[in-house]
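Here is what each chain is made of, one letter per residue.
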Amino acid sequence: MKKLTKKIPALMLAAAFAVTSTAAPVLAANDGVLMKAPAKDAAFVFEMPGFQNVQANNLLGKPVMMNEGLVIRQSRIENGKIIIPKSGFYYTTRTGTARMLTGHKIFILGKEYTIVDTKTKLDVITDVTIKKGGSYPLGDGSKHLELSSIGTDGNGFPAAEATFQILKPSGNYYGASFESSPNSKLIDITKGALANGTGRKTGTYFPGKDGQNFHIEYYGSPVGISGQSYLIADKVTPEDAHVKEFATGAIVETLLSEKPAVEMLLGKGESKPVGDYTVTVTDFTNNSATVELKDKEGKVTKKVLGPLTEDSFKYLPADEITRDKLVVRPENNKIQVQLDAFRNPFRDGKVALVGYTDLISLPNPGKWVSDPRFIARPDT
């Protein structure tokens with residue numbers, strides 16, 4: 001099953017769901033064989049009837065590849081029966097890094113959905129000693145920080161280096177590892193030791209000449225990084241490592257829609273029906289728009305979307321705080337209307353908006369909407 005559960009790009013908002021068969025209510029870290037991988041000699045089926053590799057375009061016309069599969073892990077034969085433990089049977093669908101505000105697609109159980117929005121958190125652990133081969137739970141315990149190995153480079157490296165990995169609910173590892181070498185024998189590159197170069201010129205150098213002794217210039221860092229995740233260790237021995245601080249992101253909730261996007265170009269005072277709502281632009285400037293959502297009962301949700309400036313794009317679409325300024329949703333979360341931020345939303349004296357209806361909330365973890373026997377977890 002390795003191809004069906006391959007790693008995805010190392011961004012915390014990457015969209016890949018492992019829907020696992022667990023009994024209600026939603027269980028936490030002790031949920032059966034959560035985080036356990038299939039057996040190393042497990043059978044691998046490259047193609048299965050009904051399972052697809054699908055490509056769809058987002059709003060920007062860029063392709064999104066989606067792959068789905070089925071995983072059985074940690075099963076056994078007992079009294080002539082195949083026993084699959086809790087969370088040992090799951091459906092998985094994989095996409096690349098999910099980019100909000102762009103109409104990013106995901107394929108789930110034969111249906112195409114749009115990932116409309118996500119809510120996230122940052123899980124932090126501090127002052128933890130982990131033994132080699134051991135791990136420590138993150139957040140709700142459905143992911144662990146594992147100390148995978150401690151070693152040297154085999155070439156006289158004078159300090160032990162610890163390699164940490166994030167073990168995900170699927171039993172796979174996060175795509176990047178975190179390496180740390182907190183030792184006084186090393187020149188700490190986090191203090192700018194190499195930031196501007198060493199001052200050496202192009203040429204060849206020999207030990208003992210021109211003040212050279214490059215045999216004692218071992219470089220390392222107590223800090224391991226990947227995107228928005230970081231690890232700081234302050235002690236590594238051959239047996240264990242002490243983590244001073246570690247942080248990584250996680251998805252709290254995902255909003256999906258099976259309905260196609262509704263694209264709008266509205267002037268001041270103009271309206272358009274979107275599902276059970278009427279969307280009206282009541283005012284706008286060169287970088288913001290006041291938008292009203294009115295339901296069938298006449299209840300109005302009103303919000304100023306923006307301002308959308310050059311600085312707004314610095315961290316979009318990952319920046320959840322800035323992104324929230326560009327979208328409006330009523331309290332029931334049944335519809336979202338957003339500025340068409342990446343396609344020049346203020347043009348021709350009007351405002352370009354995109355709307356999604358019939359939103360489906362998928363908490364982490366949460367019961368799958370059409371079959372509560374199954375629990376959905378983002379595997380990032």
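Residues numbered from 1 in each chain as written. Predicted model: local features only at pLDDT ≥ 70, side-chain atom pairs only at ≥ 80, totals over all residues. Heavy atoms only, no water.

Novice: Please clarify how the overall build of the protein should be interpreted in this entry.
Specialist: What the protein contains, in helices and strands, is one helix and 29 strands. The principal-axis extent of the C-alpha atoms belonging to the protein is close to 80 × 70 × 35 Å. Of all 380 residues assigned to the protein, the portion counted as buried reaches 45%. Sequence-distant contacts in the protein: of pairs separated by 6 or more residues, those separated by 24 or more amount to 59%. Split by element, the accessible area of the protein, about 19,300 Å² in all, is 51% carbon and sulfur. One finds the centroid of the 47 positive side-chain charges in the protein at a distance of 2 Å from the centroid of its 41 negative side-chain charges. (Helix = DSSP H or I, 4+ residues; strand = E, 2+ residues; numbered from the N terminus. Buried < 20%, exposed > 50% of the residue type's maximum accessible area, 1.4 Å probe, protein only. Contact = heavy atoms within 4.5 Å. Areas by Shrake-Rupley, 256 points an atom, 1.4 Å probe, with all protein chains shown as cover. Lys, Arg positive; Asp, Glu negative; His and termini not counted. Charge placed at Lys NZ, Arg CZ, Asp CG, Glu CD.)

Novice: How do you make sense of the sheet that holds strand S10 (residues 143-151) when you look at a structure like this?
Specialist: Backbone hydrogen bonds are what pair the strands of a sheet, in a parallel or an antiparallel way. Spatial strand order, S9-S10-S11-S12: four strands in an open sheet with antiparallel pairing. Whereas interior strands pair on both sides, the edge strands pair on one side only; in this sheet they are strand S9 (135-138) and strand S12 (178-180). Between one strand axis and the next, the sheet turns through 25° on average, direction left out of account. In terms of strand pairing, S9 meets S10 through four bridges, oriented antiparallel. (Pairing = 2+ DSSP bridges. Axes fitted to C-alpha atoms, helices over the stretch in contact; angles between N-to-C directions.)

Novice: Help me understand the nonpolar core in this model?
Specialist: A general trend in soluble globular proteins is that nonpolar side chains are found buried together. In terms of nonpolar packing, the biggest core is built from 36 residues, with Leu 256, Val 279, Val 291, Leu 293, Val 337, Leu 339 and Leu 353 touching the most fellow members. When neighbours within four sequence positions are excluded, Val 291 is seen to be in contact with Val 279, Thr 280, Thr 301, Lys 302, Lys 303, Leu 305, Val 328, Val 337 and Leu 353. Ranked by size, the runner-up nonpolar core spans 19 residues in total, among them Ile 125, Ile 166, Leu 231 and Ala 233. (Core = buried A, V, L, I, M, F, W, Y, C linked by side-chain atoms within 4.5 Å.)

Novice: Explain the sheet that holds strand S20 (residues 277-284) here, please?
Specialist: Overall, antiparallel pairing links the four strands, which are arranged S19-S20-S21-S22 in an open sheet. Since the sheet does not close on itself, it has two edges, and those belong to strand S19 (271-274) and strand S22 (300-305), each with one partner. Direction aside, the axes of adjacent strands within the sheet are offset by 25° on average. Bridge count between S19 and S20: four bridges; the pairing is antiparallel. When the bridges of S20 are listed, Ser 271 appears paired with Thr 280.

Novice: Is there a simple way to think about unusual backbone geometry in this case?
Specialist: Glycine aside, the phi torsion of most residues is negative, and most peptide linkages are trans. In the segment running from Leu 316 into Pro 317, the intervening peptide bond is cis, with an omega of 5°. Here Leu 109, not a glycine, exhibits a phi torsion of approximately 50°, which is positive. On the secondary structure map, Leu 109 appears in the loop between strand S7 (105-108) and strand S8 (111-131). For Leu 109, a relative accessible area of 48% corresponds to the partly exposed category. Here Asn 344, not a glycine, exhibits a phi torsion of approximately 55°, which is positive.

Novice: Would you explain the pairing of strand S11 (residues 161-167) in this entry?
Specialist: Within a regular strand, the side chains alternate between the two sheet faces. Most of S11 sits out of view: six of its seven residues are buried. Two strands pair when backbone bridges link them, and S11 and S12 are joined in this way by three bridges, in the antiparallel orientation. Bridge pairing in S12 links Ala 162 to Ser 180.

Novice: I would appreciate a short explanation of the packing of aromatic side chains in the present structure.
Specialist: Each aromatic ring pair is described using two quantities: the centre-to-centre distance and the angle formed by the ring planes. By the definition in use, this model includes six aromatic pairs. Considering the side-chain rings of Phe 44 and Phe 46, the 6.3 Å spacing of their centres and the 65° angle between planes classify their relative orientation as edge-to-face. A relative accessible area of 40% means that Phe 44 is categorised as partly exposed. When its relative accessible area of 54% is taken as the criterion, Phe 46 is described as exposed. An angle of 5° between the planes, with centres 6.4 Å apart, marks the rings of Tyr 174 and Phe 178 as stacked. Of the two residues, Tyr 174 and Phe 178, neither departs from the other in class, the shared state being buried. A connected cluster of aromatic rings, assembled from ring pairs, spans Tyr 174, Phe 178 and Phe 246. Between the NZ or CZ atom of Arg 200 and the centre of the ring of Tyr 205, over which it lies, the distance is 5.9 Å. (Phe/Tyr/Trp six-rings, centres within 6.5 Å; stacked < 30°, edge-to-face > 60°. Lys NZ or Arg CZ within 6 Å of the ring centre and 35° of its normal.)

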